[in-house]
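Given next are the chains, with one letter for each unit.
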Amino acid sequence: MDQQPPQDQDGSAAAGGPLTCYRHPDRETGIRCTRCDRPICTDCMIEASVGFHCPECVREGSGTGHHPAANRPRTLAGGSVAADPRLVTKILLGINLAVFIAVLAAGRPLLEDLLLFGRAHTDDPAAGWEGVAEGQWYRLLTSMFLHQEVLHIAFNMLGLWWLGGPLEAALGRVRYLALYLLSGLAGSALTYWIAAPAQGTLGASGAVFGLLGATAVLMRRMNYDMRPVIALLVVNLVFTFTWSGIAWQAHVGGLVAGALIAIAMVHAPRERRNLVQYGACGLVLLVVVLAVILRTAALT
């Protein structure tokens, strides 16, 4: 039976054992609060002018000379610390599952209404040409929440849950949601740019690959062991380029966008944090829009 190493009252491990968070004894960490010196995990750490603080020191205003209310807890990327660090992840999971159930109930008509494709005739001959090139830009977004097979949505939702929760806790809700949506849109835009106009694609894979890229950046920022995430990335890329029926463009587009946005999120200088973070998000969105405009012009 696996057991946790014995710990001192401050959460540190016994001699020779790894440090674990004093609030979450099951989580190993190499980070300590710069005020009380207790070990803290990434969910508990709150960025300060020097190092990181634990929630209790922030709440108590330890050594600041200010009222405790003046110390507003912040995540690594500068977002607000939330009571439920997985709320946005849960909402995204719920939307994906709701759309999946709706497609099962409504059938192919709803699937064709939400599917991503460039320009083609659908099964309805009276509808004429349809697709993103015909002004249906919403397909770039709706296809991100669209799944048709149980195995497909199961893999994507497992990836969203495993990767999304820690990222949401580290970035904060707004930044995490921006990362997710922009990664998915970048994947959709690259698919629209490269794939055949009539080729339909769907799934949250682009957004999930964006979370994977962001996880690698975050782990590097925290000086964690990179081997697990690199192995996971390599395995997923092998599947991307060897399995038939996978839209590799969405995976690559999401991965690149997610990594770039995450670099801006976690490496932005404190004094220009918002400018760098929102500027990076705006730049990715601009590239997405330009790619869609140029591809639309080429198809029409």
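A short tour of the structure in this document, coming up. Source: prediction; values computed, not measured.

**Quick word on empty space enclosed by the protein**
Empty space among the atoms can be located by rolling a probe the size of a water molecule over them. Within the structure shown, the criterion is met by one cavity of 30 Å³ or more. In this structure, the largest cavity encloses a volume near 40 Å³. In terms of lining residues, the largest cavity is bounded by Leu116, Phe117, Gly118, Thr191, Tyr192, Ala195, Ala196, Pro197, Gln199 and Thr201. Looking at the lining of the largest cavity residue by residue, the class counts come to six nonpolar, four polar and no charged.

**Some details on the pattern of salt bridges**
Across all of its chains, the model carries nine salt bridges by this definition. In this structure, lysine 90 engages aspartate 84 in a salt bridge whose closest nitrogen and oxygen atoms are separated by 3.1 Å. You can call lysine 90 partly exposed: its relative accessible area is 40%. The salt bridge partner of glutamate 112 is arginine 108, with a shortest N-O separation of 3.0 Å. In this pair, glutamate 112 and arginine 108 are both assigned in helix H3 (residues 108-114), four residues apart and thus about one turn of the helix distant. In this structure glutamate 112 comes out as buried when scored by relative accessible area, which is 15%.

**A closer look at the nonpolar core**
Within the largest apolar cluster, 69 residues are counted, with the highest numbers of intra-cluster contacts made by Ile40, Leu160, Tyr176, Tyr180 and Leu211. The element contributing the most residues to this core is helix H7 (residues 205-221), with nine residues. Non-local contacts of leucine 211, meaning those with residues more than four positions away in its chain, are made with Leu160, Leu163, Gly164, Leu167, Tyr176, Leu179 and Tyr180.

**So, the side chain of threonine 201**
Its place among the elements puts threonine 201 in the loop between helix H6 (173-194) and H7. Beyond its immediate stretch of four places on either side in the chain, threonine 201 contacts Leu115, Leu116, Ser143, Thr191 and Ala247.

**As for the packing of H7 against helix H9 (residues 248-267)**
Where H7 contacts H9, the two axes come as close as 6 Å, and the packing angle between them is 35°. Pair H7 / H9 crosses with right-handed handedness. Residues Ser205, Gly206, Phe209, Gly210, Gly213, Ala214, Val217, Leu218 and Arg221 of H7 form the contact with H9, whose participating residues are Ala250, His251, Gly254, Leu255, Gly258, Ala259, Ala262, Ile263, Val266 and His267. Residue classes in the contact of H7 with H9 are distributed as 10 nonpolar, eight polar and one charged.

**Examining H7**
Given a rise of 1.5 Å per residue, 17 residues ought to cover 24 Å, and the 24 Å separating the end C-alpha atoms of H7 matches this to within 8%. With respect to burial, H7 is a largely interior element, 15 of its 17 residues being buried. Of the residues flanking the end of H7, it is asparagine 223, one or two places downstream, whose phi is positive at about 60°.

**A short note on a nonpolar patch on the surface**
A cluster of nonpolar side chains, contributed by Ile230, Val234, Val235, Val238, Phe239 and Trp243, occupies part of the molecular surface with about 550 Å² of accessible area. Examined against the element boundaries, valine 234 turns out to sit in helix H8 (residues 227-242). Looking at valine 234, the relative accessible area reads 45%, which means it is partly exposed.

**Notes on the layout of surface pockets**
The calculated volume of the largest pocket comes to roughly 1200 Å³. Lining the largest pocket we find 41 residues, and of these His152, Phe155, Asn156, Ser205 and His251 sit closest to its centre. Elements that contribute at least two residues to the lining of the largest pocket include exactly helix H5 (150-171), H6, H7, H8 and H9. Residue contributions to the lining of the largest pocket peak at eight residues, all from H5. Residues of the lining of the largest pocket, tallied by class, amount to 20 nonpolar, 20 polar and one charged. Of the volumes computed, that of the second largest pocket is approximately 860 Å³. As for the second largest pocket, its lining consists of 35 residues, of which Arg27, Thr42, Asp43, Pro166 and Ala169 are closest to the centre. Among the secondary structure elements, those contributing two or more residues to the lining of the second largest pocket are helix H1 (55-60), H5 and H7. Looking at the lining of the second largest pocket, the element that brings in the most residues is H5, giving seven residues.

Thresholds, definitions, all that
Residues numbered from 1 in each chain as written. Predicted model: local features only at pLDDT ≥ 70, side-chain atom pairs only at ≥ 80, totals over all residues. Heavy atoms only, no water. 1 Å grid on protein atoms, 1.4 Å probe; cavity = no way out; pocket = protein on both sides within 12 Å on 5 of 7 lines; lining within 4 Å. Points joined across faces, edges and corners; volume = space filled by probe spheres on them. Nonpolar A, V, L, I, M, F, W, Y, C, P; charged D, E, K, R; others polar. Salt bridge = Lys/Arg side-chain N within 4 Å of Asp/Glu carboxyl O. Buried < 20%, exposed > 50% of the residue type's maximum accessible area, 1.4 Å probe, protein only. Helix = DSSP H or I, 4+ residues; strand = E, 2+ residues; numbered from the N terminus. Core = buried A, V, L, I, M, F, W, Y, C linked by side-chain atoms within 4.5 Å. Contact = heavy atoms within 4.5 Å. Axes fitted to C-alpha atoms, helices over the stretch in contact; angles between N-to-C directions. Left-handed = near helix turned anticlockwise from the far one by under 90°. Expected span 1.5 Å × (residues − 1). Patch = residues over 30% accessible without salt bridge, like charges linked within 9 Å, V, L, I, M, F, W, Y side chains within 5 Å. Areas by Shrake-Rupley, 256 points an atom, 1.4 Å probe, with all protein chains shown as cover.

So far we have only geometry, and geometry alone does not tell us how the molecule works.
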